[in-house]
Amino acid sequence: MTFLNALLLPGIAALAIPLIIHLLRKRKVQEVHWGANFLLHESRSSRRRAPQWHRWLLLLIRILIPLILALCLARPALRAIMGGGKGDPGSHVIVLDTSPSMLPSLASPTGISSTGSDHPALKAISEVIDGLPKGSQVTVIGGDGGDPLGVGTLSGDLNRITRAIRANRLQPGGRFDPAIAARRAGEVLAGAAHPSRSVLVISDFQSTDWDRGAGRSLRTLAQADGDLAPTVRFLQVELPATKKTVGISEASTSGLIAVTGEPVSFRARVFNPTGQPWEGHLVAEVDGAELVRRPVSVGSKMSREVAMVGEFPEAGYLGVDLRLEPDPGGWGASVPVVLPVRKPIPVMLVDGRPGHRPLEGDTGYLDLALQPFASASDGKGEGDLFRSSVSRDTNNLNANHLMQFEVVVLANCDELRASNITDLRKWVNEGGGLVVFPGDRTKASFYNAHLLGPKTGIFPATLGNLIKADPSTGGIIHPDAPPYAHPVLAYFNGLGGTGLETFGFSRYLQLDPTGDPADPASPRAILRFQDGDPLFVEAQVGAGKILMAAVPADADWGSWPTQPAYLPFVQRLVAYMSQSASSSLEVELGESFHFPLPDAQNGDRVVLLDPTGHQETLKIEGPAMRTNTSPPPVLHTPPCKVPGIYTVRPAAGGAPIVAFSCRIPAGEIGDRPLDADQLQALAVDAKATRMDSVSTVLESDTLARIGREIWRPLAWLVLALLFLELLVAQSGFGAPPKPKKGGAKS
């Protein structure tokens, strides 16, 4: 037990007052007889004397009243956590959700408004800090693991946080990631100076951020370090209702690359959540110059997909700004897209079972999908994104020949020479893209003997049994349904019945990705069948990629080459495997951009230009000594804080090295927060406590630090003792005795 007002404890000495009075009343007095004294004898004898125990009970009650009253005024509290005393300071980590849904003013590229300190979340932080005892340690981290206020790690200087809030230093972040936030909070609390520790999550709790695994991530934090495990609390802030506006919910291009002077298809989905129809234009701009525009008309609470075609006259990484005109305001009024524009990509198709007629070999459909114009006209292929060359000899897979191509496709090849395996591994490590399709000539024993390892092998998955589709499903198995997150597959989201779900297969080879599934660098399945088995497995090797399929590229095991989605799928797949698309050119707000630069050296300097015009010099990271198996230097940017198009240029000047786009996560636009029941269920799963307000947060913190105050029941006990004292005192004197029979003597 501890006392919050220990200065009032000396008031316990008041219990001596009833005892002193009792002792004074017991002093012996001198009797003085006077003439009428005999008249009192009968009156004194007629009253009954109180028993001895009765008087001691009354004395005890009168002693307890001042004693308990003094304890009540001292505010005693029962300890809930050992190791503290009165007003013990604690170590607190406040996890602030800085995603776009929490900071609506991100619609402006200049950041939050000057009235940012009035934001409900920031006001809550200020009130919590003001209510903490002196000596407490506090810091604020972002839901994406960042430092949104620039206040650093735990510190006893609480004013530095309020100063940062008043100075409007809040930086927007990306999507709230509970796993990253929990890991970062644990790292910060590892250096805490106090045994009482807490983690307060302040968020609007959008449903897209708090999936089923969110509670599990925070539960590990609440169960860590035994007695020093932090108390986890949730505080849901209610944001002012924002005006619903028309916006672009999705945007993509038909391919991952474009060829100079050739048409490129843009696709955007315009959503109208308002109660009125909207009419305007969808405009594509490059460096402020209009490329193409298309009229758009969207009914109330409806969406419409808009497609338009444009051409790029120059090569390079071009940023395209898709925007609505007139500007409806809000997050989705403009969406950035970056596309590599270049000459056609050289591709080598190695056919393990060549045919003598069109579409007869294993690469026939691939060649047609990669060069549709060449197949349909005079063979020049004007307008094709690729220049494919079919080879029937695996001996062409040597170092000198591989240098002529950016992508190599192995289709139904049985075995390769050891030298070919070595040359392919080196070529991929330097930025090449290898795609492997099996077939009836594929020897699983050979493939499994050359699995991808740290320095050798090229096959990212073990080949298993041949699986035939269940007859109950018509003997056909389909890929898993959208939505898809991979850059190759994202284009097929929202296509209804014309997407990848139209691909049907009668059988496939089981693939088991190599490496540790928990390691993000290990090979991973990017698309699966409906039964969960991998359909495509991807591995990153140095600056290049290897992709392995569970089905052939032709129609032997399924009719997928005859479906309309086959051509865009193959083109996007091969473009993704090329050097031009060796890394995704799109990140979400709050994420970092990583891009391999094979021609750069460790320590080279580049300049990053963000959408607001701000420049930052970055250093290229790579191995000090380059070898044939060394990974290439990689560009790592800081987390992107502003949506738009970013450009990377050499520090010495010159043409842009690469460009990329930063988008607001689609789930942050129009999503709904968890309701009270869902939030309570999440809190239970995370072993956290849901708070209704800042006052309940402070009360909960007080309970965790010093225990539960018990002055209120003591106050009621004092009132009860006063009432009892009155009853005992009144019953201490007997009533006059009844008159004797016969009446009084005359």
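Look above for the structure.
Described in the following lines is the structure provided in the data block.

### Here's the deal with the overall build of the protein
When you go through the protein residue by residue, the secondary structure sums to 16 helices and 32 strands. Looking at the protein residue by residue over its 746 residues, the buried ones come to 46%. In the protein, of all internal contacts separated by at least 6 residues, the share reaching a separation of at least 24 is 72%.

### A short note on the sheet that holds strand β6 (residues 231-236)
Strand order across the open sheet formed by five strands is β4-β3-β5-β6-β31, with parallel pairing between neighbours. The open sheet has two edge strands with one neighbour each: β4 (137-142) and β31 (689-691). Recorded for the sheet is a direction-independent mean angle of 25° between the axes of neighbouring strands. Strand direction decides the pairing type here: strand β3 (residues 91-96) and strand β5 (residues 197-203), joined by six bridges, are parallel. Residue pairing in the sheet places Val93 in a bridge with Val199 of β5. Its contacts with the sheet place helix α6 (residues 178-189) against β3, β4 and β5, and it is angled at close to 155° to β4.

### Quick word on the pattern of salt bridges
Applying the stated criterion across every chain yields a total of 19 salt bridges. Across the pair Arg163 and Asp157 runs a salt bridge whose closest N-O atoms are separated by 3.3 Å. Residue classification places Asp157 among the partly exposed residues on the basis of a relative accessible area of 32%. Through salt bridges with shared partners, one network takes in Glu285, Glu290, Arg293, Arg323 and Glu325.

### Here we look at helix α11 (residues 418-429)
With twelve residues, α11 extends 17 Å between its outermost C-alpha atoms, agreeing within 8% with the 16 Å of an ideal straight helix rising 1.5 Å per residue. Looking at α11, one finds that the buried residues are Asn420, Ile421, Leu424, Arg425, Trp427, Val428 and Asn429. Packed against the buried residues of α11 are α10 (399-402), β17 (407-411), β18 (433-437), α12 (444-449), β22 (534-541) and β23 (544-549). Just downstream of α11 lies Gly431, where phi reads positive at about 125°.

### A look at the pairing of strand β13 (residues 316-325)
Strand direction decides the pairing type here: strand β10 (residues 278-286) and β13, joined by six bridges, are antiparallel. What sits directly across from Val283, in β13, is Arg323. In this structure, β13 lies alongside strand β14 (residues 334-342), joined through eight bridges in antiparallel fashion. Its bridge partner being in β14, Leu318 is matched across the sheet by Leu339.

### With respect to the sheet that holds strand β9 (residues 263-272)
Across the sheet, three strands lie side by side as β7-β9-β12; this open sheet has antiparallel pairing. Edge positions in the sheet fall to β7 (247-253) and β12 (302-311), since each of these pairs with one other strand and no more. The sheet shows a mean angle of 20° between the axes of neighbouring strands, direction not considered. By the bridge criterion, six bridges tie β7 to β9 in an arrangement that is antiparallel. Note that in β9 the partner of Glu250 across the bridge is Arg269.

### Focus on a nonpolar patch on the surface
Together, Leu8, Leu69 and Leu73 give the surface a local cluster of nonpolar side chains, amounting to about 260 Å² of exposed area. Mapped onto the elements of the fold, Leu73 is located in helix α3 (residues 52-73).

### A word on unusual backbone geometry
Cis geometry is found at the peptide bond from Glu325 to Pro326, where omega equals 0°. Within the secondary structure, Pro326 is located in the loop between β13 and β14. A cis geometry characterises the amide bond from Pro482 onward to Pro483, with omega recorded as 15°. Structurally, Pro483 can be placed in the loop between β19 (461-468) and β20 (507-513). The phi torsion at Asp287 lies on the positive side, around 55°, for a residue other than glycine. Position of Asp287 among the secondary structure elements: in the loop between β10 and β11 (289-298). In this structure, Lys687 is a non-glycine residue whose phi angle is positive, near 55°.

### Quick notes on the side chain of Arg342
The topology assignment puts Arg342 in strand β14. A distance of 3.4 Å separates the side chain of Arg342 from the backbone oxygen of Pro344, its partner in a polar contact.

Rules of the game
- Residues numbered from 1 in each chain as written.
- Predicted model: local features only at pLDDT ≥ 70, side-chain atom pairs only at ≥ 80, totals over all residues.
- Heavy atoms only, no water.
- Helix = DSSP H or I, 4+ residues; strand = E, 2+ residues; numbered from the N terminus.
- Buried < 20%, exposed > 50% of the residue type's maximum accessible area, 1.4 Å probe, protein only.
- Contact = heavy atoms within 4.5 Å.
- Pairing = 2+ DSSP bridges.
- Axes fitted to C-alpha atoms, helices over the stretch in contact; angles between N-to-C directions.
- Salt bridge = Lys/Arg side-chain N within 4 Å of Asp/Glu carboxyl O.
- Expected span 1.5 Å × (residues − 1).
- Patch = residues over 30% accessible without salt bridge, like charges linked within 9 Å, V, L, I, M, F, W, Y side chains within 5 Å.
- Areas by Shrake-Rupley, 256 points an atom, 1.4 Å probe, with all protein chains shown as cover.
- Polar contact = N/O pair within 3.5 Å; in protein donor to acceptor, adjacent residues only side chain to side chain.

The quantities given are spatial measurements derived from coordinates; they are silent on function.
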